[in-house]
Amino acid sequence: MSRRVAVFISGSGSNMVQLLDSMTGDHPGRPCVVLSNEPTAAGLDKAQARGVATEIIRHQPFSGDRAAFESAVSAALAPYAPDLICLAGFMRKLTGGFTDQWQGRMLNIHPSLLPKYKGLNTHARALAAGDSQHGCTVHEVTAALDDGPILGQAKVPVLEGDTPDTLADRVLVQEHRLYPMVLRRFCAGDRTPVHLTA
Ligand code: GRF
């Protein structure tokens, strides 16, 4: 039976689109819902255009009470009975209560070669450090931010004259290759890390 995959977004959802479009044919997963904390997230229309249900749970009304926000998220998810959650540009930190509940069943994509540059502004930080290589990582989500077991990485070169934006664009191309590849393997029970180069 197919694994039911929920995808969480906050913005444009370009990784989400790649995940949704990959889950066809003999893929062992199928999308069941796309959830956003931002009502204006452009990814919501893209999910609906693909016939995938969407849910919006705004975080603002919870005034920083992350556990209460997550309870609302869990209630919204329940009818879809997901087996897995893919975070795809979901810009809320999750509490240990939520990550423990989904341990081993929740993935994230992060735009750096973890363990380097956890958190934000990864492209600017790679440039400031003078790195010759940068990239992205898909990992299992644990209570510590951007820290769970690594399931795959894709590397890109840092080029002369790169800005955070040009580097982000180069990394994003690899995110779109890496995340669907890792999800397919993960749905099939394969957690062996994959390594891609641009
Ligand atoms: C990606 O770079 C992802 O790695 C980061 O946020 C960005 C989301 O882009 N967490 P998109 O919404 O998938 O287009």
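So, here is what we can say about the structure in this document. Because the structure is predicted, anything quoted here is derived from the model rather than measured.

### Section: the pairing of strand β7 (residues 150–157)
Here is step 1: Taken together, the seven bridges between strand β6 (residues 133–140) and β7 define a ladder with antiparallel strand orientation. Paired with H139 across the bridge in β7 is I150.
Here is step 2: Judged from the four bridges that link them, β7 and strand β8 (residues 194–197) form a sheet pairing that is parallel. By the bridge assignment, A154 is partnered in β8 with L196.
Here is step 3: The parallel pair β7 and β8, bridged by helix α6 (residues 164–187), forms a crossover whose chirality is left-handed.

### A word on the site of the ligand
Here is step 1: Near the ligand, the surroundings consist of S12, G13, S14, N15, G89, I109, P111 and E175.
Here is step 2: At 2.8 Å from an oxygen atom of the ligand is found a main-chain nitrogen or oxygen belonging to N15.
Here is step 3: Contact with the protein chains removes 80% of the 360 Å² of surface that the ligand exposes when unbound.
Here is step 4: Across the shell around the ligand, the residue classes break down as two nonpolar, five polar and one charged.
Here is step 5: Taken domain by domain, the shell around the ligand gets at least three of its residues from each of domain 1 (1–102) and domain 2 (108–198).

About the thresholds
- Residues numbered from 1 in each chain as written.
- Predicted model: local features only at pLDDT ≥ 70, side-chain atom pairs only at ≥ 80, totals over all residues.
- Heavy atoms only, no water.
- Pairing = 2+ DSSP bridges.
- Helix = DSSP H or I, 4+ residues; strand = E, 2+ residues; numbered from the N terminus.
- Right-handed = clockwise from strand over helix to strand, strands pointing away.
- Near = heavy atom within 4 Å.
- Polar contact = N/O pair within 3.5 Å; in protein donor to acceptor, adjacent residues only side chain to side chain.
- Areas by Shrake-Rupley, 256 points an atom, 1.4 Å probe, with all protein chains shown as cover.
- Nonpolar A, V, L, I, M, F, W, Y, C, P; charged D, E, K, R; others polar.
- Domains from an automatic or database assignment.

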